Amino acid sequence: MHIAVLGAGPAGLLFSLLAKRRTPRWRIEVHEQNPPDATFGFGVVFSQGALALLERDAPDLHAGLAARMESWPMQRIVHRGQAVDIDGNGFSAIGRLDLLRFLQGLCLEAGVDIRFDRRFEAPPAADLVVGADGLNSVVRQGKGFEPQIEWLTNKFVWYGTAQRFDCLTLTFRENEHGAFVAHHYRYSPQMSTFLVECDAATWQRAGLDRMGDARSRAYCERVFAQDLDGHPLVSNKSLWRQFPLLHNRRWSAGNAVLIGDALRSMHFSIGSGTRLAFEDAIALDRAFGEAGENVPAALAAFERERRPVVEKLYAAASASSYWYEEFPDRMARFDALGLAYDYMTRSGRMSPERLRAMAPRFMKQVDAAGLSA
Ligand SMILES: Cc1cc2nc3c(=O)[nH]c(=O)nc-3n(C[C@H](O)[C@H](O)[C@H](O)COP(=O)(O)OP(=O)(O)OC[C@H]3O[C@@H](n4cnc5c(N)ncnc54)[C@H](O)[C@@H]3O)c2cc1C
């Protein structure tokens, strides 16, 4: 069987690795537009729950990644100059480039043929085409997948910084133009991700729509001066963008199937894009493990198993993204503890009982303040 995997991101590489290991005689080619050492952005974050799933499904990958990750046992909310820690909400992070290099190495060892530096405009002929080509997927175009996209209105930009942060933190700050939030965490001993977000009106009032990269960075450095402590922000093709909530009514068309961000986007506030890309890859490989070379049967099994899980998470991620769309109002309504509690219950999946079991120290403060009543 000849498999063409389009896109050497986390989804395409992991599927190729697992499928090649399972059936070494299959010819698996990965087509990637970038060179091996190029990537956008900085670090990606995984919840402890996501890592537990990875450990179950791909133990050697989990062990290799765990050794390269920065980890911490809590999340922090900073608002009105006060920090609130949410115990039990642990995360780990890794540089995206480290992650991709590690996966590339495993793929090459397994015999996957990765072809870098080639942009494709249409999928090549193959027995199976795996569209792992991200948000702007070429495979998705004109193939009957029926994509649906809703654009969120907030603006965000993804920077890095050499400032080291204790843990995954959301820092809310205000100035004369409006409200800002930074999502930041260290992903290596030397570097942290620093994602800045604001509503569209604030973005315009601040003049960020008219600023180039250097002025935009300087502006954000002023907004978060206390948090950056003199460390500059670093760009890597860092552009202000709006987040697309994307999903497809059909997951496969003919012999082509979508996985990862090509299939659907999950808002970065639930930190799950890479995890979902991995889980799609694992589920697709499993489906082929059962169906062998029967492509239609494997694609049907993949969708049957994955769709219910993905739809549940998609609903939670969408609820989380709508919370961010209203974050200036919430900043005005709540103090730091109230905002942290509102944030933790934003997706509708976290009851006070569940939160008490997960974050007893945090919930002790919430209960004492009468916020959970
Ligand atoms: C601002 C921001 C912050 C994020 N933060 C996190 C986070 O903290 N944690 C997390 O888990 N996820 C995060 N994500 C999401 C995460 O980056 C993606 O969900 C994840 O990378 C999806 O993996 P993928 O393999 O599906 O797609 P991608 O990683 O996008 O890979 C697709 C690949 O296909 C290649 N490609 C595309 N088109 C072509 C073409 N025509 N020809 C050849 N090659 C092509 C691209 O170059 C790319 O290498 C974030 C995303 C954004 C935008």
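These numbers come from a predicted model, not from an experiment. (Residues numbered from 1 in each chain as written. Predicted model: local features only at pLDDT ≥ 70, side-chain atom pairs only at ≥ 80, totals over all residues. Heavy atoms only, no water.)

Within the protein, the regular secondary structure consists of 13 helices and 16 strands. For 373 residues, the compact-globule estimate of 2.2 N^0.38 gives 21 Å, and the C-alpha radius of gyration of the protein, at 21 Å, lies within 12% of that figure. Expressed along its principal axes, the backbone C-alpha trace of the protein runs to roughly 60 × 45 × 40 Å. Across the 373 residues of the protein, 58% fall into the buried class. A sequence separation of at least 24 residues applies to 73% of the contacts in the protein between residues at least 6 apart. Distance between charge centres in the protein, computed from 44 positive and 44 negative side chains, equals 1 Å. (Helix = DSSP H or I, 4+ residues; strand = E, 2+ residues; numbered from the N terminus. Rg over C-alpha atoms; globule rule 2.2 N^0.38 Å. Buried < 20%, exposed > 50% of the residue type's maximum accessible area, 1.4 Å probe, protein only. Contact = heavy atoms within 4.5 Å. Lys, Arg positive; Asp, Glu negative; His and termini not counted. Charge placed at Lys NZ, Arg CZ, Asp CG, Glu CD.)

Near the ligand, the surroundings consist of 32 residues, among which A11, E32, R96, D261 and T274 are the closest. Within the backbone of F120, an N or O atom sits 3.0 Å from a nitrogen atom of the ligand. Note that an oxygen atom of the ligand is positioned 3.3 Å from one of the side-chain N or O atoms of Y185. Mapped by element, the contributors of at least two residues to the shell around the ligand are helix 1 (10–22), strand 3 (43–47), strand 9 (155–161) and helix 8 (273–291). Top contributing element to the shell around the ligand by residue count: helix 8, with 4 residues. A breakdown of the residues in the shell around the ligand according to their chemical character gives 13 nonpolar, 11 polar and 8 charged. (Near = heavy atom within 4 Å. Polar contact = N/O pair within 3.5 Å; in protein donor to acceptor, adjacent residues only side chain to side chain. Nonpolar A, V, L, I, M, F, W, Y, C, P; charged D, E, K, R; others polar.)

Relative to the elements of secondary structure, S216 occurs in helix 6 (residues 213–223). When its relative accessible area of 1% is taken as the criterion, S216 is described as buried. Here the side chain of S216 touches W240 through a polar contact of 2.8 Å, side chain to side chain. Filtering out sequence-adjacent residues up to four positions away, S216 remains in contact with Y159, L208, M211 and W240.

Turning our attention to the nonpolar core. Grouped together as the largest cluster of nonpolar side chains are 78 residues, with contacts concentrated most on F15, L61 and F288. In contact with F288, other than residues within four places in its own chain, are M1, F15, W26, L128, V295, A298 and L299. One finds M344, L355, M363 and V366 within the second-largest nonpolar core, a separate group that totals 25 residues. (Core = buried A, V, L, I, M, F, W, Y, C linked by side-chain atoms within 4.5 Å.)

On to the sheet that holds strand 15 (residues 252–253). Ordered by their spatial adjacency, 6 strands build an open sheet running 6-2-1-7-16-15, and the pairing between neighbours is mixed. The open sheet is flanked by strand 6 (113–115) and strand 15, the only strands paired with a single partner. In this structure, strand 2 (residues 27–31) lies alongside strand 6, joined through 3 bridges in parallel fashion. When the sheet's bridge partners are listed, V30 is paired in strand 6 with I114. Across the sheet, helix 9 (residues 295–325) is in contact with strand 7 (128–131), strand 15 and strand 16 (256–258); its angle to strand 16 comes to roughly 20°. (Pairing = 2+ DSSP bridges. Axes fitted to C-alpha atoms, helices over the stretch in contact; angles between N-to-C directions.)

All chains considered together, the criterion is met by 2 cavities of 30 Å³ or more. There is about 40 Å³ of room inside the largest cavity. Only helix 2 (48–57) and helix 8 provide two or more residues apiece to the lining of the largest cavity. With 4 residues, helix 2 is the single largest residue contributor to the lining of the largest cavity. Grouping the constituent residues of the lining of the largest cavity by class yields 6 nonpolar, no polar and 2 charged. Approximately 30 Å³ is the volume found for the second largest cavity. Lining the second largest cavity are L152, N154, F156, E197, F243, H267, F268 and E325. For the lining of the second largest cavity, the class distribution of residues is 4 nonpolar, 2 polar and 2 charged. (1 Å grid on protein atoms, 1.4 Å probe; cavity = no way out; pocket = protein on both sides within 12 Å on 5 of 7 lines; lining within 4 Å. Points joined across faces, edges and corners; volume = space filled by probe spheres on them.)

Take the environment of L128 next. Along the chain, L128 turns up in strand 7. Under the relative-accessibility criterion, L128 is labelled buried at 0%. Put simply, L128 and V257 are 129 residues apart on the chain and 8.0 Å apart in space, counted from C-alpha to C-alpha.

Let us look at the packing of aromatic side chains. Given two aromatic rings, one states the distance between the centres and the angle between the planes to describe the pair. In this structure the tally under the stated criterion is 15 aromatic pairs. Here the aromatic residues F172, W323, Y324, F327 and Y343 are joined through ring pairs into a cluster of three or more. Above the ring of W203, the side-chain terminus of K155 is found at 4.2 Å from the ring centroid. Between the NZ or CZ atom of R346 and the centre of the ring of Y343, over which it lies, the distance is 3.9 Å. (Phe/Tyr/Trp six-rings, centres within 6.5 Å; stacked < 30°, edge-to-face > 60°. Lys NZ or Arg CZ within 6 Å of the ring centre and 35° of its normal.)

This is a description of form; function is not addressed.
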